[in-house]
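Structural overview for review
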Amino acid sequence: MPRLLLHAIAWLPLTTISVAAQIAPPPTNSLPASQSPLGDLTSLTADAKMWLQGLIKINTTNPPGNEQVAAKYIAGILAKEGIPADILDLAPGRSAVVARLRSSAVADPSRALLLVAHMDVVGVDRSKWSVDPFGGVIKDGYLWGRGSLDDKSMLAANLAAFIGLKRGNVHINRDVIFLGTADEEQFGDASMKMVIARYWDKIAAGFAINEGGKVLLGKDGKVQYVALQASEKVSVNVNLTVTGKGGHASTPTKDNPVVHLAAAVEKIGNYNTPVHLTSIVRRYFEALAPLEDEETGKWMKVIDTPDRGEHAVRYLSEANPMWNSMMRDTIAPTILQAGFRGNVIPSEAHAVVNVRLVPGDTIDVLVNELKKLVNDPQVHFEIASEGGLAAPNSSLENDFFTLITRTCAHEFGGVPVIPYMSTGATDSAQLRLHNVQAYGLRPFPVNEADDARVHGDEERLPLASFPKGVALMVRIVTEFSVSR
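Just so it is clear, the structure is predicted and the values come from calculations on it, not from any experiment. (Residues numbered from 1 in each chain as written. Predicted model: local features only at pLDDT ≥ 70, side-chain atom pairs only at ≥ 80, totals over all residues. Heavy atoms only, no water.)

This paragraph deals with the packing of helix H3 (residues 42–57) against helix H4 (residues 67–80). With their axes 10 Å apart at the nearest point, H3 and H4 run at an angle of 160° to one another. With respect to each other, H3 and H4 are oriented roughly antiparallel. Seen along the crossing, H3 lies across H4 with a hand that is right-handed. Contact residues: Met50, Trp51, Gly54 and Leu55 in H3; Ala70, Tyr73, Ile74 and Ile77 in H4. (Axes fitted to C-alpha atoms, helices over the stretch in contact; angles between N-to-C directions. Helix = DSSP H or I, 4+ residues; strand = E, 2+ residues; numbered from the N terminus. Parallel < 35°, antiparallel > 145°, perpendicular 65-115°, else oblique. Left-handed = near helix turned anticlockwise from the far one by under 90°. Contact = heavy atoms within 4.5 Å.)

Shown next as structure tokens:
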């Protein structure tokens, strides 16, 4: 497919797509899982579980990252399967890893499928964990550890699907590329942006599957729906600085930077930005409404109406923080810094607020609103330079999106598969900016309580969900890439 056409698809108007077209029933012509082109997945799944434990045991906390060790570990696994891998050096101790299964002697990037997951993880407070967060501990039906959900389980599942193609000795009709990225959590000098800038020829693809979605378990332990990410919010940090005259704490002054900063943070933290419903968010609520309780579903159905929309937004915002974030720009104070002694008024105080923009909104406009809100000349605002960029939505009308939707519905008994705008940022944004149709799917069924452990304490993956996630990834990759 020509690059220009890919770009055009990325920007197709979404208003013409019906919800019914997005929530596909199980396909009538797909083979059952037991008749997968790769056959019995028991051995492959067991290997993937071992790989996941090994990856968790490699501490890739970012910063500093240390992803090069994980990249070499993955390259070693691939080498044992007879698959050469490239270590893509990005910064000292920081590398990505890439490998390719070729469908022909001449690559066609517009048809290639990229399997993406990141190797770095956020930090931990070990005192809040009951197990070693880097021990790969199996206990009480769970695999515990930092990265067990975000995002080393996806690494292992992608690796299983990729290696499964090689072991199965199947004929693929497009190149399939495995990519383990670095610096996803900080998005600095070793991030996907750098991989694209330096090594685009090694990863160029027309389609990609990455993290960003979810398979949500209901209270009854059954899959309620699958959220398939086709869009994401934009993360930008804003730094606040207050300066004043320092001095002895026994003689307080009115220009105390701590007081001014605290007042500014309080106003910002309690500020609700205007509602901005994107087309994907509208479709998400419309499709989710029949699955919720009667009261919640009622308000989801009228969220965009002139007479009841305001109350619907208020109801849904209070019901679920994620729903609130999907409907507007959000601002979360994350860092406060001031002072060095208890009896000294500092001359400076600093804060960081993390902004998540709805695609299409701009940080300059929001910061101007915050300046008016704070209304304090002592508070200085600075937009951090490493912020994300708004990317176009991935298309909801192409063969890959349709296949993922149908496959997810098939694997989980016909549940709805709903297009989704994630509130968190992923590497997919950079891919979408390069005309890649990228979709987010964490394929492991997880309930809301375990989902909330991502970036928190006691992160864990239900062992029962891991084979299901591996099987789903294998099926998606083989259905899209294997000639019949």
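Under the counting rule described, the total for this entry stands at 20 salt bridges. A salt bridge links arginine 146 to glutamate 459, with the shortest nitrogen-to-oxygen separation between them at 2.8 Å. Residue arginine 146 is found in the loop between strand E5 (142–144) and helix H5 (152–168), and its partner glutamate 459 is found in the loop between helix H15 (448–451) and strand E19 (460–462); the two are separated by 313 residues along the sequence. One exposure class covers both arginine 146 and glutamate 459, and it is buried. Among the salt bridges present, the one from arginine 453 reaches aspartate 450, with a minimum N-O distance of 3.1 Å. Accessibility expressed as a relative area gives 2% for aspartate 450, which makes it buried. What emerges from the salt-bridge pattern is a single network uniting Asp47, Glu81 and Arg167. (Salt bridge = Lys/Arg side-chain N within 4 Å of Asp/Glu carboxyl O. Buried < 20%, exposed > 50% of the residue type's maximum accessible area, 1.4 Å probe, protein only.)

The residue after proline 63, namely proline 64, is reached through a cis peptide bond having omega 5°. Following the sequence through the fold, proline 64 ends up in the loop between H3 and H4. Cis geometry is found at the peptide bond from aspartate 150 to aspartate 151, where omega equals 10°. Here aspartate 151 lies in the loop between E5 and H5. Residue asparagine 169 is not a glycine yet carries a positive backbone phi of 50°. Note on placement: asparagine 169 falls in the loop between H5 and strand E6 (176–181).

The subject of this paragraph is helix H6 (residues 192–203). For H6, built from 12 residues, the straight-helix expectation of 16 Å at 1.5 Å per residue is missed by more than 12%, its first-to-last C-alpha distance being only 11 Å. Met192, Met194, Val195, Ile196, Tyr199, Trp200 and Ile203 are the residues of H6 that are buried. (Expected span 1.5 Å × (residues − 1).)

Turning our attention to the sheet that holds strand E12 (residues 330–338). Within the open sheet, the four strands sit side by side as E12-E14-E10-E15. Their pairing is antiparallel. Lying at the two open borders of the sheet, with one neighbouring strand each, are E12 and strand E15 (379–383). Across the sheet, the mean angle from the axis of one strand to that of its neighbour is 25°, orientation sign disregarded. Against the sheet, helix H7 (residues 257–269) touches strand E10 (234–243), E12, strand E14 (348–357) and E15, its axis set at about 15° to E14. The sheet strands contacting helix H12 (residues 363–374) are E10, E12, E14 and E15, and the helix crosses E15 at an angle near 170°. (Pairing = 2+ DSSP bridges.)

Further remarks concern the nonpolar core. Ranked by size, the top nonpolar core spans 96 residues in total, and within it Tyr284 and Leu441 carry the most contacts. Broken down by element, this core gets its largest block of residues, 10 residues, from H5. In this structure tyrosine 284 touches Tyr225, Met322, Trp323, Met326, Ile418, Pro419 and Tyr420, once residues within four positions along its chain are discounted. With 24 residues, the next largest nonpolar core counts Val98, Leu114, Ile196 and Ala204 among its residues. (Core = buried A, V, L, I, M, F, W, Y, C linked by side-chain atoms within 4.5 Å.)

A word on the pairing of strand E7 (residues 207–210). Alternating positions in E7 separate into two faces, Phe207 and Ile209 on one and Ala208 and Asn210 on the other, with burial throughout. Pairing between strand E3 (residues 113–118) and E7: three bridges, direction parallel. Within E7, the position partnered with leucine 113 by the bridge is phenylalanine 207. In this sheet, strand E17 (residues 437–440) lies alongside E7 in parallel orientation, the contact comprising four bridges. Along E17, the bridge assignment pairs asparagine 210 with glycine 440.

Summarising burial for E6: six of the six residues are buried, a large majority. Taking every second residue as pointing to the same face, both faces of E6 are buried, with Val176, Phe178 and Gly180 on one and Ile177, Leu179 and Thr181 on the other. Inspection of the sheet shows strand E2 (residues 94–101) paired to E6 by five bridges, in the antiparallel sense. For valine 97, the partnering residue across the bridge sits in E6 and is glycine 180. Looking at chain direction, E3 and E6 are connected through six bridges and run parallel. Of the residues in E6, the one forming a bridge with histidine 118 is threonine 181.

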